[in-house]
Amino acid sequence: MGDESLAAVERELTAQIRAGFARSGELGADHQRLWTAVGEALRDGKRLRPQLLLITHEALGGRRTAAAVRTAAAVELLHTAFVIHDDVIDGDHLRRGRLNVSGAFAGEAREGDLPETSVRRYADAAGVLAGDLALTTAVRAVATCGAEQEIIDHLLDLLDAAVHTSATGELADVRFGLGLETDPVVDATLRVAALKTASYSFELPLRAAAVLAEAQPSTVTALGEIGHRLGVGFQLLDDLLGVFGDEARTGKSTLSDLREGKATALIAHARSTPSWTALDGLVGDRRLDHGGAARARRVLTECGARGAVQDLADHHLDRAVQTAHRSGLPSTLADRLADIVHDIRATAVEALVPAPTLTEEAS
């Protein structure tokens, strides 16, 4: 896949945003505000999901280039919708180091001297609504991608399944974080990662590419398994970055997950060790400062949680590569998927702060 394919996706995303804006003449300033927010949320993304779809479609000999480009843009719009909604659910106002949708609307509300409860309500409402617009636009983009109706129906089934699955995982993630059921073990957190992240970020684009290329059912199944492994490994690395990442590189706070008490594999592993008593007063503390976070990082490292999650991530990513090479996929596709795994790992390694530095910081 060349740069021209990703450029085509960018043009398609721009066209979708312009089509949304076109309705603002009739619907007014509030509609324009929401579409401006969706456009900003789409800006500067890595476009990993469109890349997966286009690389796979091409390697499988697919010839529905225009339909693949529009579907790839739809997957990116779906991702954007979920990111916007996820920030509302988590109460975050920053994304990639800048104000996200909710954060931008919160700033607007504060200019009107509203009380903070009203600011939050307005910001959350805008986040939900902007995410809804991105989600419905994604569905419409697939429905109008230009492929034969049978293919479109199959694509819509995949998209529908991804939305249901991700919503299920998101609710489970929130429930675990709030302590509404027994503290989850590592296997439960891996299931959430598979539902919440792998289903739409990796399985969906890979399976959609195979459908567009009219690949054999066995290929669709193999790509689903690869997507599952890729997605879980990716989420495990993201969980590590949420606590041990260099904020300047990741653009995300290393306090949020700890303050929220997010039920990640990292925390689940720590709960199973005697060191949990040293973490119990830190994880879930909404007022946790950088000194407390440094102590938590030290304990998470020394109890083996950091190493265990890194090993789990490596296991899932390794399995993704192994499955790609053993499933009868074209060698060019298996090699490209291996390259993507390498890039995911390299990006994480560059952004992770070495454990010794953290130990020194906390001492």
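About the cut-offs
- Residues numbered from 1 in each chain as written.
- Predicted model: local features only at pLDDT ≥ 70, side-chain atom pairs only at ≥ 80, totals over all residues.
- Heavy atoms only, no water.
- Core = buried A, V, L, I, M, F, W, Y, C linked by side-chain atoms within 4.5 Å.
- Buried < 20%, exposed > 50% of the residue type's maximum accessible area, 1.4 Å probe, protein only.
- Helix = DSSP H or I, 4+ residues; strand = E, 2+ residues; numbered from the N terminus.
- Patch = residues over 30% accessible without salt bridge, like charges linked within 9 Å, V, L, I, M, F, W, Y side chains within 5 Å.
- Areas by Shrake-Rupley, 256 points an atom, 1.4 Å probe, with all protein chains shown as cover.
- Salt bridge = Lys/Arg side-chain N within 4 Å of Asp/Glu carboxyl O.
- Lys, Arg positive; Asp, Glu negative; His and termini not counted.
- Charge placed at Lys NZ, Arg CZ, Asp CG, Glu CD.
- Phe/Tyr/Trp six-rings, centres within 6.5 Å; stacked < 30°, edge-to-face > 60°.

## Looking at the nonpolar core
Right, on to step 1. Leu223, Ile226, Leu300 and Leu337 are the most contacted members of the largest nonpolar core, which totals 54 residues.
Right, on to step 2. Listing elements by their share of this core, those giving two or more residues are helix H4 (48–59), helix H9 (186–212), helix H10 (217–244), helix H13 (265–271), helix H14 (276–279), helix H15 (290–302), helix H16 (305–326) and helix H17 (331–351).
Right, on to step 3. Ranked by residues supplied to this core, first place goes to H10 with 11 residues.
Right, on to step 4. One finds Phe82, Val142, Ile152 and Leu204 within the second-largest nonpolar core, a separate group that totals 45 residues.

## A look at the environment of Thr144
Right, on to step 1. Tracing the backbone shows Thr144 in the loop between helix H7 (116–143) and helix H8 (149–178).
Right, on to step 2. For Thr144, a relative accessible area of 32% corresponds to the partly exposed category.
Right, on to step 3. The spatial distance from the C-alpha of Thr144 to the C-alpha of Arg70 is 8.4 Å, given a sequence separation of 74 residues.

## Details of a negative patch on the surface
Right, on to step 1. Together, Glu150, Asp153, Asp157 and Asp160 make up a region of like negative charge exposed at the surface.
Right, on to step 2. Relative to the assigned elements, Glu150 resides in helix H8.
Right, on to step 3. Assessed through its relative accessible area of 68%, Glu150 is described here as exposed.

## Focus: the pattern of salt bridges
Right, on to step 1. Summed over the entire model, instances satisfying the criterion amount to 18 salt bridges.
Right, on to step 2. For Arg43, the salt bridge is made with Glu40, and the minimal N-O distance between the two is 3.0 Å.
Right, on to step 3. Put simply, Asp173 and Lys196 hold a salt bridge, and the shortest N to O gap is 2.9 Å. Of this pair, Asp173 sits in helix H8 while Lys196 is found in helix H9, placing the two residues 23 residues apart along the sequence.
Right, on to step 4. The exposure class assigned to Lys196 is buried, which follows from its relative accessible area of 14%.

## A look at the packing of aromatic side chains
Working definition: an aromatic ring pair is given by the centre-to-centre distance plus the angle between the planes.
Right, on to step 1. A full pass over the atoms with the stated rule returns three aromatic pairs.
Right, on to step 2. Relative to Tyr200, the ring of Phe82 lies with its centre 4.8 Å away and its plane at 85 degrees, an arrangement referred to as edge-to-face. Here Phe82, found in helix H5 (residues 65–90), pairs with Tyr200, found in helix H9; they are 118 residues apart in sequence, far enough to count as distant.
Right, on to step 3. Residue classification places Tyr200 among the buried positions, given a relative accessible area of 8%.

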